[in-house]
Amino acid sequence: MEPETTTDPRPPALGVARVLMAGLALFSAWVFLASLIALGDAGIDGIVDVIVSVIWVAIAAGVIHNGTRMRMLAWAGLAFQLCCFVIVSACGEAAWARQCRVWYDAGAAYWWLPAFFVLVTSLWMIISDPRRLAGRSA
């Protein structure tokens, strides 16, 4: 009895996913280290930035791992970041909103990379859903 063979109809990967994951990992490390450095200067007021940066690290880990539970963690982190963006934008001139450097002024302190990564990572999570890919090949 011969084993059943299958063919993969998908085109070969071009490395865009690796670029996204490397960029996300470098960005989350940059935000995390910058928030820790700022925490020394800002004191307890900088804790908001540290929390937001830890969530960025969790998003990067979830996207890179790509397991079911880690994808749920990444989705929750992306939803949190989107909520932070909306809340900080709505209360932009409040003193506490200025402490959230990642999202203050739509992420201008980080060259608007937070907004870019939320958008691109969300699109990537939709496109690369393993359940959708497995259902298509079955």
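Residues numbered from 1 in each chain as written. Predicted model: local features only at pLDDT ≥ 70, side-chain atom pairs only at ≥ 80, totals over all residues. Heavy atoms only, no water.

Caption draft 1: Main features of the packing of aromatic side chains. Going through the model one piece at a time under the given rule, you end up with 9 aromatic pairs. Clustering of aromatic rings is evident, with ring pairs tying together F27, W30, W56, F85, W103, Y110, W111, F116 and F117. (Phe/Tyr/Trp six-rings, centres within 6.5 Å; stacked < 30°, edge-to-face > 60°.)

Caption draft 2: Here's a closer look at the nonpolar core. By size, the foremost hydrophobic cluster in this structure holds 21 residues, and its most contacted members are L24, V52, W56, V102 and W103. Elements represented by at least two residues in this core include exactly helix 1 (16-42), helix 2 (47-65), helix 3 (68-90) and helix 5 (113-127). No other element matches the 5 residues that helix 2 contributes to this core. Leaving out residues up to four positions away in the same chain, V52 has contacts with F80, Q81, C84, C100, V102 and W103. (Core = buried A, V, L, I, M, F, W, Y, C linked by side-chain atoms within 4.5 Å. Buried < 20%, exposed > 50% of the residue type's maximum accessible area, 1.4 Å probe, protein only. Helix = DSSP H or I, 4+ residues; strand = E, 2+ residues; numbered from the N terminus. Contact = heavy atoms within 4.5 Å.)

Caption draft 3: Looking closely at helix 5. Taking 1.5 Å as the rise per residue, helix 5 with 15 residues should run 21 Å; its terminal C-alpha atoms sit 20 Å apart, in good agreement. Taken as a whole, helix 5 has its buried residues at P114, F117, V118, T121, S122 and M125. Along the axis of helix 5, the buried positions cluster into a sector of 125°, meaning they face one direction only. What points out from helix 5, more than 90 degrees from its buried face, is the exposed set L119, I126 and I127. (Expected span 1.5 Å × (residues − 1). Arc of directions from axis to C-beta.)

Caption draft 4: The pattern of salt bridges, seen in detail. Under the definition given, this model contains 1 salt bridge. Here D129 and R71 are joined by a salt bridge, their closest N and O atoms 3.9 Å apart. Residue D129 is found in the loop between helix 5 and helix 6 (130-137), and its partner R71 is found in helix 3; the two are separated by 58 residues along the sequence. (Salt bridge = Lys/Arg side-chain N within 4 Å of Asp/Glu carboxyl O.)

Caption draft 5: A look at the state of the cysteines. On inspection of all chains with the given rule, the structure shows 0 disulfides. Summary of cysteine pairing: C83 is not part of a disulfide, and the nearest cysteine sulfur, belonging to C84, is at 7.2 Å. C83 sits in the partly exposed class, given a relative accessible area of 45%. Distance from the sulfur of C84, which forms no disulfide, to the nearest cysteine sulfur (C100) is 5.7 Å. Owing to a relative accessible area of 12%, C84 belongs among the buried residues under this scheme. (Disulfide = S-S within 2.5 Å.)

Caption draft 6: Representation of the packing of helix 1 against helix 2 in the model. Closest axis-to-axis distance for the helix 1/helix 2 pair is 8 Å, and the angle between their directions is 160°. Accordingly, the angle class assigned to the pair helix 1 and helix 2 is roughly antiparallel. The element helix 1 and its partner helix 2 pack so that their crossing is left-handed. On helix 2, the residues that touch M21, L24, A25, F27, S28, V31, F32, S35, L36 and L39 of helix 1 are I47, D49, V50, S53, V54, W56, V57, I59, A60, V63 and I64. Broken down by class, the residue content of the contact of helix 1 with helix 2 amounts to 17 nonpolar, 3 polar and 1 charged. (Axes fitted to C-alpha atoms, helices over the stretch in contact; angles between N-to-C directions. Parallel < 35°, antiparallel > 145°, perpendicular 65-115°, else oblique. Left-handed = near helix turned anticlockwise from the far one by under 90°. Nonpolar A, V, L, I, M, F, W, Y, C, P; charged D, E, K, R; others polar.)

Fair warning: the whole summary comes from geometry, so function is off the table for now.
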